[in-house]
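Survey of secondary and tertiary structure
Each chain, written out:
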Amino acid sequence: MVNPVFLFRFILMALLSSIPLSGYTQADIQINTPAIASLKQSMQQRHGQLEAYYAGGAVGLTNDGLIAMRDASALPLAARQAVNTLIAAENQDRNALYREIARANGHPEWEADIRSTFGQRWIELARPGWWYQNAGGTWVKK
Amino acid sequence: MIKRWRRLIPQSEAPLSGPSLLRLLRAHRRNRGLIRGFLTLLVKIFPAFFVAITYAHAGPRVTLSIGDVHSPVLNVGGVQVSLSGSNGSLLEIKLDEITVEGKTWRDLQFTCPGFDFAKGVLQCDDGVLRMSRSAAFPVTFHFSSADKTLDAKIRTASNGPSEGWRLTARWEGGGWEGVLSVRNGQAAQIAGFLPAGEGEIAASPTSGKINGKAKLRVDTDGLAGIEADLAVDELAFSDASGLHAGENITVELNAKAVREVGGKGNSWQWQADLNWRRGEIFWQPLYFAARGHRFNANGYVNDDAIGLNEGTLLLAGIGKTNFSGVIDRATVAPLDFNLSADNLELAGLFSDVLKPFLVNTVFADLKASGQAGVRWRFRAGAHDLLHVDLRGASVEDERERFAFRGVNATIPWQAQRRTQANISIHSSQLGKLPIGELHIPLQIDGFNFRIPRMVVPILDGKLTLEDFAASPPTQEPPSGWQWQFSGGLSPLSMQKLTEVLGIQIMQGTLSGEIPRVSYNGSVVEVDGALLFKIFDGTVELGNLKLLNPMGRAPTLMADVTMRNLDLNQLTGTFSFGSIQGRVDATVSGLELFNWKPVKFDASLRSSPGNYPRRISQAAVQNISSLGGGGAAAAIQRSFLRVFDQFGYSEIGWSCSLRNGVCRMGGIELQPMPHGYLIVKGGGIPAITVMGYNSNVDWEELVSRLERITQANVKPVFQ
């Protein structure tokens, strides 16, 4: 079993180091500010909890760089509320991450492009069996 | 022949023909239960049908087609009734579509191969009812015009013989009375009965057993009364997303509804008592497990509204809530509503009801205790009154950012009137900072709040708050809550403050005049300055801004100016080795992210003036050991080890922190070719300390300062 924290680090590193922002080649996706470091750390800690829900199909990756409850029925009733909370917290961090990267680059207006690039790359780096939304918004199993 | 058929028709019913059939169907407009409706529909249709075939009885098969039947509440499309086989023993009825009050069922088919009609009795022992989306249901019925009785049973095909639905009815005068009983009825089968197009969205049952009886009373105007006593076991339901679902639920329902005689239109009085014994429900974002929750209510319902005269909701672990009100049926929104609860347990109320709505807010990790009373009044679609009482309440943040204990409050809010709340808090905590007893005279005007003056005791000092005003978010320009106040901080012992904050103990006081503190929805801004009197000098904190104060990672910005700090006190406090003298320092553009410095321009310089300037060997060793172990060794090797103290003429040091790197410098007026001067020697014996490394990792520097170990600084002895 791959350590989920290691996996998350690997994904985030691969993501941050491999994104050529089309049309915005000047954007430094790897830019590191204390805010970005804090968000990455928080997301990394949460990833260990979320991973089982990605694998089980309850939670999927949306096409706008966030995550969503895909099939709550895959969870026991008592767990649904907690997973909802995890999703809300993760999306808050993801939105803040895109905003901070754009801001740290001195171009807050790049946020939408950074988000969509991240969205595609999260999906590309997702493990087989995880669910994601295609461009049309339909859930697809990788 | 005609007479024979006429005898089959109950006396109260007018016979025959399209219009009469329509009238019969209309009489059913209030029969909402589909099974009941269907069975009675059969009963009503038969007489018309059989009379019709008396005219058309010429061949082995008789078919009656009725195109569409329309009425305000019931539409039936594509009705086909046929009778064939020997002696007309095969009865078939098909309905393409039936719509009752906006809900549609399609492809209903009833067949009865052993249909018998003789001597005033219609009998079917082996009928089958099929619907497009559900399994086939075996149906038997026995209808006697002489006894004026109907006994109809539906068994669900997949179930054992003990599972079934039964309607027994008896005609009397213009109406009938009946009992619909169900034994081990499968709730999942009801899903098939749910109208097409809605089942995908609405939460529908997937399993569960229903037992019980419903007494029905029908008069010439339709359903006049219903009394149900039902128990549902092991009920599970879910919508497609799983966000509205329940499992393993046991409920007991006792309900009664009576149509109002002489009431306007379709007007009913009802009462219901629901006892939830077992199971769990998730209704996004709320989750409840059965712990003896109970609901009972009575009221009325008519074409326009559902009225609640008296309702009680008992939530175990939270308390009892009484309510009444009127709900508009068209919009399913409350028009008027009253809710009152005198004794709610805050712990349960917060964890079960409020917490799920506070995700991602500063209140998300609260735990509460104590009692609350709530009274809420909603009039003509708008909030009118909300009174909240708190008794012995405590609210604590699980992440220890804040806590309020011993809260007693009366908070009245009224839409059209200015009110005053009285809030007393025995003790509070902001971070590690304890706050004494508070009395908050809160003035409420709609959604605007004011506190003319209040005193916040902090340790041995006081923060006086004046003209506090908070206003709600606005649309244009879009903003969050905004507030502001002015005030002052009377002298506060630095010793006590540093003790409770768990940092290095310092002597002195903290005080300040605060012309204005404001919050614009995202930034707290402090006009004026906070003044610290410490180390016999002054520290002034100005241009203070706090971004995202309640977020996970707040950012603080400030400028700090220090004057005349006594180095002897300062170094003594931090066990740095003694330095005699005084320094001025400025830290401009200070930015703390998550309470850690990320950017500043700091410089430190000996204060102007005459005062003794001596530095101890230990202090030299510590300053120089920031630059490496060589300094201490050099002193030990040289004759200087015989001196405890050295003279100096000036101390200077600067650090510009950017991106985790501190760019260091020394006394600016003394540029050195390969380094910078930190301590300029003077007197006998004099000592000069130089730094050579101008870029130092900030984290590393901090840890060196903490450990006083190695760095690239070497002393030069003169």
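Look above for the structure.
A brief structural summary.

On to the overall build of chain A, then. Counting secondary structure elements, chain A contains four helices and four strands. Along chain A, helices and strands appear, N-terminal first, in the series α-α-β-β-α-α-β-β. Counting across all 142 residues of chain A, residues that qualify as buried make up 50%. Once local pairs closer than 6 in sequence are excluded, the contacts in chain A between residues at least 24 apart make up 60%.

Below, the discussion takes up the interface of chain B and chain A. At the interface, 22 residues of chain B touch 19 residues of chain A. Together chain B and chain A conceal approximately 1,500 Å² of surface at their shared face, both sides included; 54% is due to carbon and sulfur atoms. Summed over the shared surface of chain B and chain A, the number is zero salt bridges. At the boundary of chain B with chain A, the tally comes to four residue pairs in polar contact (both at pLDDT 80 or more). Residue classes in the side of chain B that touches chain A are distributed as 13 nonpolar, six polar and three charged.

The subject of this paragraph is the pattern of salt bridges. For the structure shown, the criterion picks out 24 salt bridges over all chains. Residue R121(A) is joined to E124(A) by a salt bridge in which the shortest nitrogen-to-oxygen separation is 2.4 Å. Here E124(A) and R121(A) lie together in helix α4 (residues 111-125), a separation of three residues that amounts to about one turn. Here R106(B) and E97(B) are joined by a salt bridge, their closest N and O atoms 3.3 Å apart. Look at R106(B) and you get partly exposed, because its relative accessible area is 40%. Shared partners join several salt bridges into a network, and the residues in it are R46(A), E90(A), D93(A) and R94(A).

What follows covers helix α3 (residues 77-104) of chain A. An α-helical turn contains 3.6 residues, so any two residues separated by three or four positions project in the same direction. Over its 28 residues, α3(A) extends 41 Å from the first C-alpha to the last, a length consistent with the 40 Å expected when each residue adds 1.5 Å. Just downstream of α3(A) lies G106(A), where phi reads positive at about 80°.

What follows concerns unusual backbone geometry. Residues and elements named next belong to chain B. Put simply, Q284 and P285 share a cis peptide bond, and its omega is 0°. Checked against the element boundaries, P285 lands in the loop between β14 (268-283) and β15 (286-289). Positive phi is not limited to glycine here, since D536 has a value of about 65°. Exposure remark for D536: the relative accessible area of 53% places this residue in the exposed category. At N543, a position not held by glycine, the phi torsion is positive, near 50°.

Residue and element names in this part refer to chain B. Inspection of the entire model under this criterion finds 21 aromatic pairs over all chains. Judged by centre distance (6.1 Å) and plane angle (40°), the ring pair of W171 and W176 falls under tilted. Of the two residues, W171 and W176, both sit in the buried class. Aromatic side chains F323 and F337 sit 6.1 Å apart centroid to centroid with 10° between the ring planes, which places their arrangement in the stacked category. Residue F323 is found in strand β18 (residues 319-328), and its partner F337 is found in strand β19 (residues 333-345); the two are separated by 14 residues along the sequence. In this structure, F323 and F337 share a single accessibility class: buried.

Right, let's talk about the sheet that holds strand β4 (residues 139-141) of chain A for a bit. Residue and element names in this part refer to chain A. Within the open sheet, the four strands sit side by side as β2-β1-β3-β4. Their pairing is mixed. Of all the strands in the sheet, just β2 (67-69) and β4 have a single pairing partner and so form its edges. Geometrically, the sheet is characterised by an average inter-axis angle of 40° between neighbouring strands, direction not taken into account. By the bridge criterion, three bridges tie strand β3 (residues 131-133) to β4 in an arrangement that is antiparallel. Opposite Q133, over in β4, you have W139 as the bridge partner. Here helix α2 (residues 34-56) sits on the sheet in contact with β1 (59-61), β2 and β3, set at roughly 90° to β1.

With that out of the way, let us pick up the state of the cysteines. Residue and element names in this part refer to chain B. Tallying each qualifying case throughout the model produces two disulfides over all chains. C655 shares a disulfide with C662; S-S distance 2.1 Å. The class of C655 is buried, set by a relative accessible area of 0%. Taken in N- to C-terminal order, the disulfide-linked cysteines of chain B are connected 1-2, 3-4.

Residue and element names in this part refer to chain B. Inspection of the secondary structure puts T321 in strand β18. The class for T321 is buried, based on a relative accessible area of 13%. Leaving out residues up to four positions away in the same chain, T321 has contacts with G311, T312, L313, L339, S340, A341 and L344.

Moving on, we come to the packing of α2(A) against α3(A). All names here are of chain A. Contact geometry for α2 and α3: axes closest at 10 Å, N-to-C directions at 145°. Seen from above, α2 lies across α3 with left-handed handedness. Residues A35, I36, L39, K40, S42, M43, R46, Q49, L50, Y53 and Y54 of α2 form the contact with α3, whose own contacting residues are V83, L86, A89, E90, D93, R94, A96, L97, E100, I101 and A104. Tallied by class, residues from the contact of α2 with α3 come to 14 nonpolar, two polar and six charged.

Moving on, we come to the pairing of strand β32 (residues 555-566) of chain B. Pairing geometry for strand β31 (residues 537-547) of chain B and β32(B), over eight bridges, is antiparallel. Residue L547(B) lies in a different strand from β32(B), and its bridge partner there is T555(B).

What counts and what doesn't
- Think of each chain on its own: its residues are numbered from 1, step by step along the sequence as written.
- Chains and ligands are labelled sequentially in the order written, the chains with letters from A and the ligands with numbers from 1.
- Local features in this predicted model are restricted to residues of pLDDT 70 or higher, and side-chain atom pairs are both shown and tallied only at a pLDDT of 80 or more, whereas totals for entire chains, interfaces and linings draw on every residue.
- Processing note: side-chain calculations cover all non-hydrogen atoms of the structure and skip hydrogens and water entirely.
- Runs of H or I in DSSP of at least four residues are treated as helices and runs of E of at least two as strands, each being numbered from the N terminus.
- Three labels apply to residues, based on accessible area from a 1.4 Å probe with only protein chains included: buried if under 20% of the type maximum, exposed if over 50%, partly exposed otherwise in between.
- Any pair of residues with heavy atoms lying within 4.5 Å of one another is described as a contacting pair.
- By convention, the term buried area covers the 1.4 Å-probe accessible surface removed from two parts as they join, with the contributions of both added.
- Salt bridges, as used here, are contacts in which a Lys or Arg side-chain nitrogen is within 4 Å of a carboxyl oxygen on Asp or Glu.
- Any N or O atom pair separated by 3.5 Å or less is treated as a polar contact, with the protein-specific requirement of one donor-capable and one acceptor-capable atom, and with residues adjacent in sequence counted only for side-chain atom pairs.
- Residue polarity follows a fixed list, in which Ala, Val, Leu, Ile, Met, Phe, Trp, Tyr, Cys and Pro are nonpolar, Asp, Glu, Lys and Arg are charged, and the others, Gly among them, are polar.
- For a helix, the expected span equals 1.5 Å multiplied by the residue count minus one.
- Each Phe, Tyr or Trp ring, with Trp reduced to its six-membered ring, pairs with another whose centre is within 6.5 Å; inter-plane angles below 30 degrees give stacked pairs, above 60 give edge-to-face pairs, and intermediate values give tilted ones.
- Here, any two strands with at least 2 DSSP bridges between them count as paired.
- Convention adopted: a line fitted to C-alpha atoms gives each axis, helices being fitted over their contacting stretch, and angles between N-to-C directions are expressed from 0 to 180 degrees.
- Defined by distance alone, a disulfide is two cysteine sulfur atoms within 2.5 Å.
- Left-handed is the label given to a crossing in which the near helix is rotated counterclockwise from the far helix by less than a right angle, and right-handed is the label when the rotation is clockwise.

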